[in-house]
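So the chains spell out like this:
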Amino acid sequence: MTVPDLQEEPAAEEEVPEKEKMVLVAASGDLDKAWPVLILATTGAAYGMDVTVFFTFWGLSILKKPGTGITGDDWRQKMMSAFHKGTPDGLHLSKLHFAGLGPSMMKSLAEDKNVASVQELLDLSMEMGVKLWPCQMTMDLMGLTNDDLIDGLDKPTGAGSAISLMKEASIQMFI
Amino acid sequence: MADTTVDARNLQCPMPVVKTAMAIKDIKAGQTLELIATDRGALSDIPAWAKDTGNSLKEQFEENDEFHFIIEKA
C-alpha cells in the first residue's frame, strides 16, 4: 500500500522552534501505572517533545535504587518502606497482587510478549533525555535521601515547579 | 533500498516508534529509513508519528506477517 505524502512544506527556518512540552505526574507506585507512565514518556520523547515526569507520593518508589532497604529515621517511615520497598523491579499490582504472585506473572508474560520492562523503559527515558523530577516533599515525608534514588535524576523539586511547567505544556497527565 | 533499517520485529509498543525516532536522528534530511515491525499497533502508530513529526511515510506494505514502513526524513 502506498501512502500519500502527508508532509507539509516545512516553514522557513529562521529560528529553531521551541520543543513542545509534555508533563506527566507519576503519583502511583503500582506496576500497572508505572508502565504506562514510562511508555508515554518515551513515546513523547520519540515525538520530539520535551518530556518531564514529576514523581510524587508512591510514584517515587519507581525511582528507588535497586537494593534500597528500609529508609527513613522515624518508625513510621521505616514501616512504610518495609511494606512498600519499591524499585522498578519491586512494584506492586493495583489488582491481583496476590502477595507478589501477580507481578511475577505479569512480568513473565511481558517478557514472553516482548514488552519492555519498567527498568528498560526507565533507562530508555533517560537515554532519550526525559527529565525525571523527584518530589522533595514526598522525599522528606518518606525519609528518602538522594542516595536512596537512582542516579541521573533532576534536582528534587515541588508542586510550584510542576505547575509552572504544566502551564506551558501542551500535554499534562496525572497518572 | 533505504539508507538505514530498523528491526523492531517482535517488539511491542512503544518500541517501534521509539526505535524509529532514535534511528532517524542518525540520517540526513531526504534519506530514508525502513522500519520492519510485527506489532499491529504500529500500523496506526507509525503513520501518526510520521504525520506529527513532519517525516514522510513514503510506503507501507505487509510481507510474511511483517509490516514494512519506508520513511523519508524531513
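Structure shown above.
Residues numbered from 1 in each chain as written. Chains lettered and ligands numbered in written order. Predicted model: local features only at pLDDT ≥ 70, side-chain atom pairs only at ≥ 80, totals over all residues. Heavy atoms only, no water.

Q: An account of a negative patch on the surface is needed here, citing residue identities and associated values.
A: Residues and elements named next belong to chain A. A grouping of E111, D112, E120, D123 and E127 is seen on the molecular surface, where their side chains present a negatively charged patch. Of all the elements in the fold, those that place two or more residues in the negative patch are helix 3 (101-112) and helix 4 (118-127). In terms of residue count, helix 4 provides more of the negative patch than any other element does, 3 residues in total. Looking at the element boundaries, E127 is found in helix 4. (Patch = residues over 30% accessible without salt bridge, like charges linked within 9 Å, V, L, I, M, F, W, Y side chains within 5 Å. Areas by Shrake-Rupley, 256 points an atom, 1.4 Å probe, with all protein chains shown as cover. Salt bridge = Lys/Arg side-chain N within 4 Å of Asp/Glu carboxyl O. Lys, Arg positive; Asp, Glu negative; His and termini not counted. Charge placed at Lys NZ, Arg CZ, Asp CG, Glu CD. Helix = DSSP H or I, 4+ residues; strand = E, 2+ residues; numbered from the N terminus.)

Q: Run through the interface of chain B and chain A, naming residues and quoting values.
A: Taken residue by residue, the interface counts 24 residues in chain B and 20 residues in chain A. Where chain B packs against chain A, one counts 0 salt bridges. Mapped onto the side of chain B that touches chain A, the elements with two or more residues apiece are helix 1 (15-24), helix 2 (42-53) and strand 3 (56-63) of chain B. Among the residues making up the side of chain B that touches chain A, the classes are represented as 13 nonpolar, 6 polar and 5 charged. (Contact = heavy atoms within 4.5 Å. Nonpolar A, V, L, I, M, F, W, Y, C, P; charged D, E, K, R; others polar.)

Q: Could you give an account of the sheet that holds strand 4 (residues 171-174) of chain A, with specific residues and numbers?
A: All names here are of chain A. If you walk across this open sheet you meet the 4 strands as 3-2-1-4, and the pairing is parallel. The outermost strands of the open sheet, each flanked by one partner alone, are strand 3 (131-134) and strand 4. Between one strand axis and the next, the sheet turns through 15 degrees on average, direction left out of account. Sheet topology places strand 1 (residues 21-26) next to strand 2 (residues 50-55); 6 bridges connect them, and they run parallel. Paired with V23 across the strands is T52, a residue of strand 2. Sitting on the sheet, helix 6 (residues 159-168) is in contact with strand 1, strand 2, strand 3 and strand 4, with an inclination near 140 degrees to strand 1. (Pairing = 2+ DSSP bridges. Axes fitted to C-alpha atoms, helices over the stretch in contact; angles between N-to-C directions.)

Q: Report on the sheet that holds strand 2 (residues 32-37) of chain B, specifying residues and quantitative values.
A: Residues and elements named next belong to chain B. Here 4 strands make up an open sheet; going across it, the order is 1-2-4-3 and the pairing mixed. With partners counted over all chains shown, the strands left at the sheet margins are strand 1 (4-8) and strand 3, one partner each. The mean angle between the axes of side-by-side strands here comes to 15 degrees, regardless of whether they run parallel or antiparallel. Sheet topology places strand 1 next to strand 2; 5 bridges connect them, and they run parallel. Paired with D7 across the bridge in strand 2 is I36. Of the strands in this sheet, strand 2, strand 3 and strand 4 (66-72) touch helix 2, which is tilted by about 5 degrees from strand 4.

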